[in-house]
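# Summary of structural features
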Amino acid sequence: MTNPLLDKLAHGPLLGDGAMGTSLLAIGHSSDTCLEQLNLTHREDVGSIHRAMIAAGANLIETNTFGGNRYRLEAHGLQDQVRQFNMRAVKIAREAREISGEDVVVAGSIGPTGRTLAPIGQLTVADAEAAFQEQTEALLEGGVDCFLIETMGDLAETKAAITAIRRVSDLPIIASMSFGEDGLTYRHVSPETVATELSALDVQVIGANCSVGPKALLRVITRMRKALNKAERTPKLIAMPNAGFPTVANGRLVYSATPEYFASFAVDAYNAGADVIGGCCGTTNDHIAAMRKALDGVLPRETEQTAKASAPRISIVDTSDQPSQIKQALGRRFLRCVEIQPPKGLNPTKALEGARLLKEAGVDAITVADSPMARVRMSALTMCYLIQHEVGIETILHYTTRDRSMMGLQSDLLGAHASGVRNILALTGDPPSLGDNIASTGVFDVDSIDSDHLGYEPGADSAGNINRSQRQLHDSLRRRSDQSRFGGRSATTPSQDRGRCRVRDDATDLDPQVWLTSSRYMASQSCRFRHDRYPAAAELEACGVPAQRTPRITLTNEARHRMKLAGEHGRQEGIKMAQELLLELRRYAEGVYLMPSFGGMRPLPR
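## So, the overall build of the protein chain
Check the secondary structure of the protein chain and you find 22 helices and 18 strands. Looking at the protein chain as a whole, 54% of its 606 residues are labelled buried. Of the contacts formed within the protein chain by residues at least 6 apart in sequence, a portion of 78% connects residues at least 24 apart. Surface exposure of the protein chain reaches about 26,100 Å², of which carbon and sulfur atoms provide 52%.

Structure, rendered in structure tokens:
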């Protein structure tokens, strides 16, 4: 199974981001503030820093969770909010990635507990592992691409964090330790020993960060590289120094290393064998921009211009009366479609690259969601047009009746037809109160089934797909016959277990083309959470929405039990369960509609 971090490292060095804490203090937050709490109280401040780092050229960003374990949060009386702070931090980072349109890696930052391990201190290894596992589960549930264990001074604590992560996840691990001017950790361990012992563990990147400036850290990295050359296993190397030792001026910490100095360091680190290069305390987006420019001069980033230039294009205005390829194929062969969500910002690059990957994988069409969970995104119709125009693969437009009058519906469908978007998945849509403004009320003249009447308006040819859950399908079978008369050709039903599609047995007098919709589980923790409610429920409750107003999903005991037994291999087990489900229910359906977790578009085993 591929991973964004490993995929990118296979093609060259990655540039990490700068110091989140330094940037938050620079915009006015107090040094006494719990920086992880800002993920809830000042999410825009955190997000703007992520976006600035991405704009500067970083292609790996860290979540604002360095002190997100129970022991560091205990100093602020917030030890019970580990899950909330870490999950929200991942969401903010992922949103920054979406808004930027750049396919950056989101690394879950895990810092030390701030306690000394026994026998010198009072914290047992078991308690440290439990704290790290608690934080890991929250980061994993939020949707990180990898984990970054950083600024560790104790090799034993680093190993405890690795052990905790491996109990629940097989995602890549970056393990970075902190060294002093003497080239040793504060427990007097050499770079050679760190490299040898960590390379024997299941970690993909090791190295050093923080503590010292570029020059001293470069010496540490050089020693690690030499030790790795003698090791049986050779992980990648990370180097992220502080901007020198800070001084106090007017009550604030000032770091001496300039962006120009860091530009020189980036080239030296790359030549010394570092694969991930970035900055720690004191480094800003100016430092990252300087390093980006310097690295590009040594090894320019790969571009996709050649692939884009050769992508087939369709006519800007499609006036053909021929039915879509999907409509022609319905009932004749099993169809495979995958969902893409439009970006939350102006840049559609990441979504288009995902569409190209899906086309290469052989999917029949790409479905484009229309502001799921009532969150503002780029127009789904615009995204469909861009995918068809730039990538050359047919799309299925999610089209919600929510917040559209009858006139608005007709206008949009005319525009969809003219731009070549002929496949419509009709949805009523999530109520606006699920979004950021919980006081919003919906405005619509018709629901998803009623909207099929529009399918025969002049110029609005539509496949008329209907989305209904199992319970809703039972309630709407009578209306389904009316829907068929107005041009609806298929219905979708979400499937989490083997009994979900039996509803079709109750509709033998109708002629529905049934599609399965399915997503996969990531880990036992997320499986348990999904059983209780949608992932957005925790955020809704944090905003004052009562739990009884949040939608629920019921999973089988078998599914939950299998995910629990899978442990760190939850991703593989989730895929296996989805495969088994698809094979068993294929006889009930004419196609499958896949919804990737967190918008991931990575190849999976066939």
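## Notes on the pattern of salt bridges
This structure, assessed with the given rule, holds 22 salt bridges. With its nearest N and O atoms 2.7 Å apart, the salt bridge here joins Glu95 to Lys344. With Glu95 in helix H6 (residues 82-100) and Lys344 in the loop between strand E11 (335-340) and helix H15 (349-361), the pair connects residues that are 249 residues apart, well separated along the chain. Taking relative accessible area as the criterion, Glu95 reaches 15% and is therefore assigned buried. Between Glu181 and Arg219 there is a salt bridge, with its nearest N and O atoms 4.0 Å apart. Placement of the pair is Glu181 in the loop between strand E5 (173-177) and helix H9 (191-199) and Arg219 in helix H10 (residues 214-228), with a sequence separation of 38 residues. Within the structure, one salt-bridge network assembled from shared partners comprises Arg43, Lys91, Glu95 and Lys344.

## Some details on the environment of Arg356
Along the chain, the position of Arg356 falls in helix H15. Considering only alpha carbons, one finds Arg356 and Ile387, 31 residues apart in sequence, at a separation of 8.6 Å.

## Description of helix H8 (residues 155-168)
With 14 residues, H8 extends 21 Å between its outermost C-alpha atoms, agreeing within 8% with the 20 Å of an ideal straight helix rising 1.5 Å per residue. With respect to burial, H8 is a largely interior element, 10 of its 14 residues being buried. Listed as buried for H8 are Leu155, Glu157, Thr158, Ala160, Ala161, Ile162, Ala164, Ile165, Arg166 and Val168. Its buried side turned inward, H8 meets strand E3 (105-110), helix H7 (125-142), strand E4 (146-152), E5 and H9. At the N-terminal boundary of H8, the capping side chain belongs to Asp154, with an oxygen 2.9 Å from the backbone nitrogen of Ala156.

## Details of the packing of aromatic side chains
If you walk through the whole model with that rule in mind, you get one aromatic pair. Relative to Phe265, the ring of Phe262 has its centre 5.9 Å away and its plane inclined at 65°; by these criteria the two rings are edge-to-face. Here Phe262 pairs with Phe265, and both are found in helix H11 (residues 259-271), just three residues apart, close to one helical turn. We classify Phe262 as buried; its relative accessible area is 0%.

## A look at the nonpolar core
One finds Phe132, Phe147, Phe265, Ile277 and Met291 to be the most contacted residues of the largest nonpolar core, which totals 70 residues. Among residues more than four places away in sequence, those in contact with Met291 are Leu15, Phe262, Ala263, Phe265, Ala266, Ile277, Gly278 and Gly279. Among the nonpolar cores identified, the runner-up in size contains 26 residues, and Val338, Leu352, Ile387 and Tyr399 belong to it.

## What to know about the layout of surface pockets
Vacant regions in the atomic arrangement are exposed by a probe of water-molecule size rolled over the atoms. If you add up the space inside the second largest pocket, you get close to 1,200 Å³. Lining the second largest pocket are 48 residues; nearest its centre among them are Met20, Gly21, Thr22, Leu25 and Leu35. Put simply, the parts of the chain that give the lining of the second largest pocket at least two residues each are helix H2 (20-26), helix H4 (43-56), E4 and strand E9 (252-254). Element by element, the count of residues in the lining of the second largest pocket is highest for H2, at six residues.

## Regarding the environment of His398
One can find His398 in strand E13 (residues 395-400). In this structure, the C-alpha to C-alpha distance between His398 and Thr367, residues 31 residues apart in sequence, is 6.9 Å. Those residues within four positions of His398 in sequence are excluded, and the remaining contacts are Glu339, Thr367, Val368, Ala369, Asp370, Ala380, Leu425, Leu427 and Tyr593.

## Comments concerning unusual backbone geometry
The amide bond that connects Ala118 to the next residue, Pro119, takes the cis arrangement and shows omega of 10°. Within the secondary structure, Pro119 sits in the loop between E3 and H7. We note that Thr151 has phi near 60°; this positive angle belongs to a residue other than glycine. Mapping Thr151 onto the fold places it in strand E4. Relative accessible area serves as the criterion here: at 18%, Thr151 is assigned to the buried category. One non-glycine residue, Cys210, lies in the positive phi region at around 65°.

## Structural notes on the pairing of strand E6 (residues 205-209)
In terms of burial, E6 is a largely internal element, five of the five residues being buried. Covered by surrounding structure in E6 are Val205, Gly207 and Asn209 together with Ile206 and Ala208, the residues of both alternating faces. Pairing between E5 and E6: four bridges, direction parallel. Each residue of the ladder has a partner; that of Ala175, found in E6, is Ile206. Regarding the hand of the β-α-β motif, the stretch spanning E5, H9 and E6 is right-handed. Both E6 and strand E7 (residues 236-240) contribute to a ladder of five bridges, which runs parallel. The partner of Gly207 across the bridge, within E7, is Ile238.

## A closer look at the side chain of Ser176
Topologically, Ser176 is positioned in strand E5. The exposure class of Ser176 is buried, given its relative accessible area of 0%. One polar contact links Ser176 to Asn209, side chain to side chain, over a distance of 2.8 Å.

Conventions adopted
- Residues numbered from 1 in each chain as written.
- Predicted model: local features only at pLDDT ≥ 70, side-chain atom pairs only at ≥ 80, totals over all residues.
- Heavy atoms only, no water.
- Helix = DSSP H or I, 4+ residues; strand = E, 2+ residues; numbered from the N terminus.
- Buried < 20%, exposed > 50% of the residue type's maximum accessible area, 1.4 Å probe, protein only.
- Contact = heavy atoms within 4.5 Å.
- Areas by Shrake-Rupley, 256 points an atom, 1.4 Å probe, with all protein chains shown as cover.
- Salt bridge = Lys/Arg side-chain N within 4 Å of Asp/Glu carboxyl O.
- Expected span 1.5 Å × (residues − 1).
- Polar contact = N/O pair within 3.5 Å; in protein donor to acceptor, adjacent residues only side chain to side chain.
- Phe/Tyr/Trp six-rings, centres within 6.5 Å; stacked < 30°, edge-to-face > 60°.
- Core = buried A, V, L, I, M, F, W, Y, C linked by side-chain atoms within 4.5 Å.
- 1 Å grid on protein atoms, 1.4 Å probe; cavity = no way out; pocket = protein on both sides within 12 Å on 5 of 7 lines; lining within 4 Å.
- Points joined across faces, edges and corners; volume = space filled by probe spheres on them.
- Pairing = 2+ DSSP bridges.
- Right-handed = clockwise from strand over helix to strand, strands pointing away.

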